[in-house]
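Each chain, written out:
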Amino acid sequence: MTLKSEFLLPDMKSKGLIAQVSNEQQLQEHLSSGQRAVYCGFDPTADSLHIGNLVPLLALRRFQLYGHTPILLVGGATGMIGDPGGKSSERELKPVEQVRQFVDKIKVQASGFLDFECKDNAAVVVDNAEWTNGLNVIEYLRDVGKHFSVNAMVQKETVRRRLQDDSLGISYTEFSYMILQSFDFVVLYRQYHCTIQIGGSDQWGNITSGIDLIRRMESGHAHALTYPLITKADGSKFGKSADGAVWLDPEKTSPYKFYQFWLNSADADVLQFLRTFTFLDQEELVAIDHAHLEEPGKRLAQHKLACEVTRLVHGEEGLDGAQRITRAIFTNDLDRLSEDDFEQLAQDGLPCTHLAEAVISLLDCLVKSGLAVTPKGQATRGQARKLIQSNAVSVNGVKQSDEHCQLDRSGALFSRYHLVQKGKKNHHLIVLSGSG
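To start, this report covers the structure provided alongside it. (Residues numbered from 1 in each chain as written. Predicted model: local features only at pLDDT ≥ 70, side-chain atom pairs only at ≥ 80, totals over all residues. Heavy atoms only, no water.)

**Thoughts on the overall build of the protein**
Here is the rule we go by: Per the convention used, a helix needs a DSSP run of H or I reaching at least four residues, while a strand needs a run of E reaching at least two, with both numbered from the N terminus. A 1.4 Å probe rolled over the protein chains alone gives each residue an accessible area, and that area as a share of the maximum for its type sets the label: buried under 20%, exposed over 50%, partly exposed in between. Contact criterion: two residues are considered in contact whenever any of their non-hydrogen atoms come within 4.5 Å of each other. Here the accessible surface of atoms and residues is derived via Shrake-Rupley with a 1.4 Å probe, and residues count as covered only by protein chains that are part of the display. In this tally, Asp and Glu contribute negative charge and Lys and Arg positive charge; neither His nor the terminal groups of the chain are included. Note on charges: their place is set at NZ of Lys, CZ of Arg, CG of Asp or CD of Glu.
Tallying secondary structure elements over the protein gives 18 helices and 15 strands in all. Counting only C-alpha atoms, the protein reaches 80 × 50 × 40 Å along its principal axes. For the protein, with 436 residues in total, the buried portion stands at 51%. Long-range pairs, those at least 24 residues apart, make up 70% of the contacts in the protein with a sequence separation of at least 6. Counting every atom, the protein has about 20700 Å² of accessible surface; 49% of that belongs to carbon and sulfur. Computed over 46 positive and 54 negative side-chain charges, the separation of the two mean positions in the protein equals 4 Å.

**With respect to the pattern of salt bridges**
Two side chains bearing opposite charge may form a pair once their charged atoms approach each other closely. Quick note on the threshold: Salt bridges are defined as contacts in which a side-chain nitrogen from Lys or Arg sits within 4 Å of a carboxyl oxygen from Asp or Glu.
This structure, assessed with the given rule, holds 21 salt bridges. Where Asp289 meets Arg275, a salt bridge forms, and the shortest distance between an N and an O atom there is 2.5 Å. Here Asp289, found in helix H14 (residues 282-294), pairs with Arg275, found in helix H13 (residues 267-277); they are 14 residues apart in sequence, far enough to count as distant. Relative accessible area serves as the criterion here: at 14%, Asp289 is assigned to the buried category. A salt bridge links Asp364 to Arg381; the shortest N-O distance between them is 2.4 Å. Placement of the pair is Asp364 in helix H17 (residues 362-369) and Arg381 in helix H18 (residues 381-389), with a sequence separation of 17 residues.

**Observations concerning the packing of aromatic side chains**
In plain terms, the rule: We call Phe, Tyr and Trp rings a pair once their centres come within 6.5 Å, taking the six-membered ring for Trp, and we label the pair stacked below 30 degrees between planes, edge-to-face above 60, and tilted otherwise.
On inspection of all chains with the given rule, the structure shows 12 aromatic pairs. When the centroid spacing of 5.6 Å and the interplanar angle of 65° are considered together, the rings of Tyr39 and Phe185 count as edge-to-face. Pair noted here: Tyr39 is in strand S2 (residues 37-42) and Phe185 is in helix H10 (residues 177-192), with a separation of 146 residues, a long-range link. For the pair Tyr39 and Phe185, a shared accessibility class is recorded, and that class is buried. Each ring, one from Phe342 and one from Tyr417, has its centre 5.1 Å from the other, and the planes form 15°; the classification is stacked. Of this pair, Phe342 sits in helix H16 (residues 339-349) while Tyr417 sits in strand S14 (residues 417-422); the two residues are 75 residues apart in sequence, bridging distant segments of the chain. Relative accessible area serves as the criterion here: at 0%, Phe342 is assigned to the buried category.

**Quick look at the side chain of Ser182**
Locating Ser182 in the fold gives a position in helix H10. Contacts of Ser182, omitting those with residues within four sequence positions, involve Phe148, Asn206, Ser209, Gly210 and Leu213.

**Side note on the packing of H17 against H18**
This is how the line gets drawn: Throughout, an axis means a line fitted to C-alpha atoms (over the contacting stretch in the case of helices), and angles, computed between N-to-C directions, take values from 0 to 180 degrees. For this classification, under 35 degrees means roughly parallel, over 145 means roughly antiparallel, 65 to 115 means roughly perpendicular, and everything else is oblique. It is the rotation of the near helix from the far one that decides the hand of a crossing: anticlockwise by less than a right angle makes it left-handed, clockwise makes it right-handed. Amino acids outside the nonpolar list (Ala, Val, Leu, Ile, Met, Phe, Trp, Tyr, Cys, Pro) and the charged list (Asp, Glu, Lys, Arg) are all regarded as polar, and Gly is one of them.
Running from N to C, H17 and H18 cross one another at 115°; their axes reach a closest spacing of 9 Å. Classified by the angle between their axes, H17 and H18 sit roughly perpendicular to one another. With respect to the hand of their crossing, H17 and H18 are arranged in right-handed fashion. Residues Leu362, Leu363, Asp364, Leu366 and Val367 of H17 form the contact with H18, whose own contacting residues are Arg381, Ala384, Arg385 and Ile388. Class assignment for the residues of the contact of H17 with H18 results in 6 nonpolar, no polar and 3 charged.

**A closer look at the environment of Asp402**
Convention followed: Here a polar contact is taken to be a pair of N or O atoms separated by no more than 3.5 Å, where protein atoms must pair a possible hydrogen donor with a possible acceptor and residues adjacent in sequence count only if both atoms sit in side chains.
Note on placement: Asp402 falls in the loop between strand S12 (398-399) and strand S13 (406-408). For Asp402, a relative accessible area of 36% gives the class partly exposed. Each C-alpha atom, one on Asp402 and one on Arg385, is 9.2 Å from the other, the two residues being 17 residues apart in sequence. The contact partners of Asp402, leaving out residues within four places of it in the chain, are Leu362 and Ile388. Polar contacts involving the side chain of Asp402 include one to the main-chain amide nitrogen of His404, which spans 2.9 Å.

**Section: the environment of Asn264**
Position of Asn264 relative to the elements: it lies in the loop between helix H12 (255-263) and H13. On a C-alpha basis, the gap between Asn264 and Leu305 in space is 10.0 Å, while along the polypeptide they are 41 residues apart.

**As for the pairing of strand S15 (residues 426-432)**
Rules: Note on pairing: two strands pair once DSSP finds at least 2 bridges between them.
Where burial is concerned, most of S15 is hidden: 6 out of the 7 residues are buried. Pairing of strand S9 (residues 352-355) with S15 involves 4 bridges; the strand directions are parallel. Bridge pairing in S15 links His354 to Val431. Relative to S15, S14 is paired through 6 bridges, and the arrangement is antiparallel. Among the inter-strand pairings, Leu419 is bridged to a residue of S15, identified as Leu429. Where S14 hands over to S15, the hairpin turn is made up of 3 residues, of which Gly423 adopts a positive phi near 70°.

**Let's talk about the packing of H12 against helix H15 (residues 300-331)**
The axes of two packed helices give the description: the angle between them and the distance between them. Two elements in contact, H12 and H15, have axes separated by 8 Å at closest approach and are oriented at 105°. For the element pair H12 / H15, the angle class is roughly perpendicular. Its residues assigned to classes, the contact of H12 with H15 shows 15 nonpolar, 8 polar and no charged.

**Observations regarding the sheet that holds strand S11 (residues 393-395)**
Taking strand neighbours across the sheet as the criterion, the 5 strands line up as S9-S15-S14-S11-S12 in an open arrangement whose pairing is mixed. Looking along the sheet, the strands with just one partner apiece sit at the ends: S9 and S12. Here S11 runs beside S14; their pairing, made up of 3 bridges, is antiparallel. Looking across to S14, one finds that Ser394 is bridged to Gln421.

Given below as structure tokens:
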């Protein structure tokens, strides 16, 4: 069902999804008076998008739900240079072939969030290498570069920040990024009559430069909208887990680990995350707000957030698996788990030790895993023995009181896995890699 376009901006504002608008009244009238094309760019800096990229992806999806045509631009050309925005140093330039591989993977991945089959406003994916690689230097300087004032460019926040520190500076390569991004807007204006560009608030200068270039080269009028950059209430960087970035690719971040990231959202963050990363309506959001504020200990908001975002990214199957693993570990009911579930846990779901041996003593296992750590921070067999004697150790869901216990393939789950638990919350997965 297509929603009424005049409610798009008010809905986004009510959810805190708008940072800046070139002219709110004009954009409101523009969106309300017909179907529009809106684009957002994604530079291929890795072989997968991460959860920070969900913000623009879902913003494009919101526009599509309200009847407009989303254009997802993958920066096969701009990705070769790197946006200086948000960087304190020159970006490491990737080899051409690697960037092309990243582009292909991101195209496939991003397409899962938009509707490419609908009749009236099907999404479009483009690669700016298609029109940028054909430009020659003279044509680029004469037809595009002449419209840019260096004085104005150095006043843009992303450039000015780098120039203020003499030890950093900015190369001509990154300095020219603004021109390339602006030219992208012109090309999309010509080919798709795209009149709206969206991006993070740190992209404001680049986007408004594109609006100005459309005016100069095409005598046209375009619009800019940016969304707030996501930050955590405690000041830590959003999108990072203890082990690094949280990726959308299940081979890089398993659905279970992905689900756990959202489940562990802080109380101070979760209500805004629900507005940013889900499509829940305002009535349901308000109800969740009240329930969360009344009984934060139940973590109802966190569970709803984890369910909604995991389903969105990994589908019902991925969500079912993540929830099944979570319940099984929490209740020690490991019979619920499949071999694929254990593969997720071994990938990144739990602290994990891979052993070449086919047999290991439980004492050595507790030492190698770090579970048998003394108050002084050393893992010892003596501490391991104390844990076993105090009935604090479980193996594969069963309390183990025999300090001479051996972990081998015969007792392993799926002939490979031993889930060792200390107390209620400390789990460690042992993966036997040796031959039987």
